[in-house]
Amino acid sequence: MCGIVGYVGKKTAQDVLVGGLRRLEYRGYDSAGIATLDDNNEAHIARSVGKIAELANVLDGAPQTGHLGIGHTRWATHGGVTETNAHPHHVKNIYMVHNGIIENYKELKAELSDKGYEFASDTDTEVLAALIDSNYTDGVTLKDAVAKALKRVRGTYGIAVFSPKEPGTLIVARLGSPLIIGLGQGETIIASDASALLGYTREAIYLNDGELAVCNKDGAEVFTLGLKHLDSKPETIEGDLAQIQKGGYDYFLLKEIMEQATTLHNTLSGRIDPKAGKMHLGGPNLTEKEMRDIRHVVIVGCGTAYYAGLLASYYMEQLVPDLTTEVVIASEYRYRSFHLPKNSVALIVSQSGETADTLACLREIKKRGVKTLGIVNVVGSTIAREVDGGTYVHAGPEISVASTKAFTAQVVAMLMFAGMLSEYHGGDPKLVAEFTRELSILPEEIEKNLETHRATMEALAKKYSKYDHALYLGRDTAFPISLEGALKLKEISYIHSEGYASGELKHGPIALVDDRFFEVFNILDNWLFDKSCGGLHEVRARGGKTIVLTDSKADIEADDIVRIESPIKHLAPILLNTLQQLFAYYIAVDRGNDVDQPRNLAKSVTVE
Ligand code: AGP
């Protein structure tokens, strides 16, 4: 997620801004910048691609002396990783930084272009700055101009704005992207998270969604967007820096598990229309003819990305009747003498966008003249730059080595591609509408599910954390998440765990069942329910210790059962998988492991 810092007070703003941005580096970013207003009311902007150190180098050559300013670390969403797209953005009298996604920026951009505004960047932020400027006419205060503009915005924002026309004033506002106002002695510091405020103050106003504040060196006044004054009480910032950067959680992994409902809103933003029952991805760069001509999809990935592709392939087959799909492990596929039929498209799935095996596959596939589409989280990554098109999954920085929120976002992104393809291939519009409606409630269903079952999964983890072997079993769309559940467990708890199609039990794995093992069964309330329970009975008949994760209300015999209550059916595997994520997390914690940096593993495997 991007980072925001703002300052107004007696210190040199540049020092506070750069220091604050360094505190936010952990969030991941690809460019950074600051803008300040000097004592002659001259504004100065410095921006750079890359790390804060690059920005500091720029500032060494042109130090900024003002006592008011804003700073930003950008995690690119709209527009590539370039200096032009880096924040702060400047449009006429407005200097601004922004976190979030403006869904209707294209229509606003067209309207503002008609008014004569020109845009240097590809960002939605520059459009919002222009919209504010267009309201900021004589007699209108900056606060009013910002409020008026934000009423027209659809999407999410956390913004900080200043103008040479109102020196000493910072306007901040939030909707879906956190903003905190630190109240110092004769100075005010704003930030997207409290870690940037430590050292200046522990007294802060936490803005709520739909609120705006006018900040100066003496403090802040908070308003609704309707400019009704609010009597917001300051709170005390608790915790040390490490705890704050993890959002108050003990590890980034739990933070990323718990925030996936929020980040999924960004993945879905502007891409589904539940009323019309349609999905639309902007990025595939395929013509209508190319979409219509696709007959084969190969999905490439490693680890969790591969399992996300496997789950997505089931949905793709359901939604696109005349398509064949294959899902391949990149490290194998890159060396095979593979042939792809005419009219194939390759989905290249990677959170980091840097995985060597996946990148090698991309290059091998491109040699064969096959269109490649990226399903990537890190904007501007190597895979994202080398594919022919694709879509960013917008899961935000995933710090913990074990991938969780990115898995969910990758599945959803590929599902939206399938939903879009369906229209060109005579797919069932009612089925697309069902999936679209499920996607529209998926974030809150994930949130509800996590909150409801978090304590249960922690208790279960304590009960099973001493085992050294586990089998994860599922059928149909519960099979890919059984593979993923086993991977999550093995990579952070170091328990030997294998995922299997539950129909395979009798072809060998059932010989393993004894008191060294526990078995996790993912059982879906679908047409294969009885079959899925068959495997469970086979294991129980041999004394297996069984945990069932299910969306079924039916009686099921097991040592432990966790039932999810949700109207979601097709996407129930995603909900069950969030339980597996919690289970693996709590077992790893119980075993005293380094949950975020498990032994032998790296977040991005850039070597073979
Ligand atoms: C997942 O938890 C693991 N960290 C690992 O399997 C990972 O999914 C794999 O290395 C692929 O990484 P990528 O998505 O960045 O390409």
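Residues numbered from 1 in each chain as written. Predicted model: local features only at pLDDT ≥ 70, side-chain atom pairs only at ≥ 80, totals over all residues. Heavy atoms only, no water.

Chemist: Provide a residue-level description of the environment of H394, including the pertinent values.
Modeler: Counting through the fold element by element, H394 comes out in the loop between β22 (389-392) and α14 (405-424). Residues within four places of H394 in sequence aside, it is in contact with T77, I101, T263, N266, T267, R271 and N377. (Helix = DSSP H or I, 4+ residues; strand = E, 2+ residues; numbered from the N terminus. Contact = heavy atoms within 4.5 Å.)

Chemist: How would you summarise the side chain of D133 if you had to cite specific residues and measurements?
Modeler: Mapped onto the elements, D133 comes out in helix α4 (residues 124-135). The side chain of D133 sits in the buried core without any salt bridge; K92 is the nearest counter-charge, 4.7 Å away. (Buried < 20%, exposed > 50% of the residue type's maximum accessible area, 1.4 Å probe, protein only. Lys, Arg positive; Asp, Glu negative; His and termini not counted. Salt bridge = Lys/Arg side-chain N within 4 Å of Asp/Glu carboxyl O.)

Chemist: Can you explain the packing of helix α10 (residues 303-319) against helix α16 (residues 478-493)? Please cite residues and give values.
Modeler: Helix packing geometry: the angle between the two helix axes and the distance between the axes. Running from N to C, α10 and α16 point in directions that differ by 165°, and their axes come no closer than 8 Å. Here α10 is positioned roughly antiparallel relative to α16, judged by the angle of their axes. Crossing of α10 over α16 shows left-handed handedness. Residues G303, T304, Y307, L310, L311 and Y314 of α10 form the contact with α16, whose own contacting residues are F479, P480, I481, L483, E484, L487 and K488. Considered class by class, the residues forming the contact of α10 with α16 number 9 nonpolar, 2 polar and 2 charged. (Axes fitted to C-alpha atoms, helices over the stretch in contact; angles between N-to-C directions. Parallel < 35°, antiparallel > 145°, perpendicular 65-115°, else oblique. Left-handed = near helix turned anticlockwise from the far one by under 90°. Nonpolar A, V, L, I, M, F, W, Y, C, P; charged D, E, K, R; others polar.)

Chemist: So what about the site of the ligand? Which residues, and what values?
Modeler: Looking at the ligand, there are 15 residues lining it, with S350, Q351, S352, T355 and E491 nearest. A distance of 2.6 Å separates an oxygen atom of the ligand from a polar atom in the side chain of S350. A distance of 2.4 Å is found between an oxygen atom of the ligand and a side-chain nitrogen or oxygen belonging to E491. The protein chains hide 91% of the 410 Å² of surface that the ligand would expose on its own. Going through the elements one at a time, α10 and α16 are the ones with two or more residues in the shell around the ligand. Residues belonging to the shell around the ligand are distributed by class as follows: 6 nonpolar, 7 polar and 2 charged. (Near = heavy atom within 4 Å. Polar contact = N/O pair within 3.5 Å; in protein donor to acceptor, adjacent residues only side chain to side chain. Areas by Shrake-Rupley, 256 points an atom, 1.4 Å probe, with all protein chains shown as cover.)

Chemist: I'd like a description of the packing of α14 against helix α15 (residues 429-464), backed by residues and values.
Modeler: For the pair α14 and α15, interaxial distance at closest approach is 10 Å and the crossing angle is 160°. Comparing their axes, α15 and α14 come out roughly antiparallel. The handedness of the crossing between α14 and α15 comes out as left-handed. Across the interface between the two elements, T408, V412, L415, M416, G419 and S422 from α14 touch V432, F435, L439, L442 and I446 from α15.

Chemist: How would you explain α15 if you had to name every residue and give the values?
Modeler: Counted at 1.5 Å a residue, the expected span for α15 with its 36 residues is 52 Å, but the 44 Å between its end C-alpha atoms falls short. In the structure, α15 departs most strongly from a straight axis at H453, where the bend amounts to approximately 50°. One side-chain oxygen of the residue at the start of α15 lies 2.7 Å from the amide nitrogen of K430, identifying that residue as D428. (Expected span 1.5 Å × (residues − 1). Bend = angle between axes of the 7 residues up to and from the residue.)

Chemist: Talk me through the sheet that holds strand β15 (residues 235-236); I want residue IDs and the actual numbers.
Modeler: Here 8 strands make up an open sheet; going across it, the order is β3-β2-β4-β1-β10-β9-β11-β15 and the pairing antiparallel. Because the sheet does not close on itself, it has two edges, and the strands there are β3 (43-49) and β15. As paired elements, strand β1 (residues 3-8) and strand β10 (residues 188-191) share 4 bridges and run antiparallel to each other. Bridging from a neighbouring strand, Y7 pairs with I189 of β10. Sitting on the sheet, helix α1 (residues 13-23) touches β1, β2 (31-37), β4 (68-74) and β10, and the angle it makes with β1 is about 155°. (Pairing = 2+ DSSP bridges.)

Chemist: Explain the sheet that holds strand β24 (residues 496-501) to me, using residue names and the numbers behind them.
Modeler: Taken in spatial order, the 5 strands make up an open sheet running β24-β23-β25-β26-β27, and their pairing is parallel. One side of each edge strand has no neighbouring strand; the edge strands of this open sheet are β24 and β27 (560-563). Adjacent strand axes in the sheet meet at a mean angle of 15°, parallel and antiparallel pairs treated alike. Here 4 bridges tie strand β26 (residues 545-550) to β27, and the two strands are oriented parallel to one another. Directly across from I547, in β27, lies its bridge partner D560. α16 contacts β23 (469-474), β24 and β25 (517-523) of the sheet and is inclined by roughly 175° relative to β24. Relative to β25, helix α18 (residues 572-590) is tilted by about 155°, and along the sheet it contacts β23, β25, β26 and β27.

Chemist: Any chance you could break down the nonpolar core for me, citing the residues and the numbers?
Modeler: Counting 92 residues, the largest nonpolar core has L347, F417, L439, L442, F518, L571 and F583 as the members making the most contacts within it. Beyond its immediate chain neighbours, meaning those up to four positions away, L571 contacts Y315, L415, F435, E438, L439 and L442. Grouped together as the second largest cluster of nonpolar side chains are 32 residues, I102, L128, A145 and A147 included. (Core = buried A, V, L, I, M, F, W, Y, C linked by side-chain atoms within 4.5 Å.)

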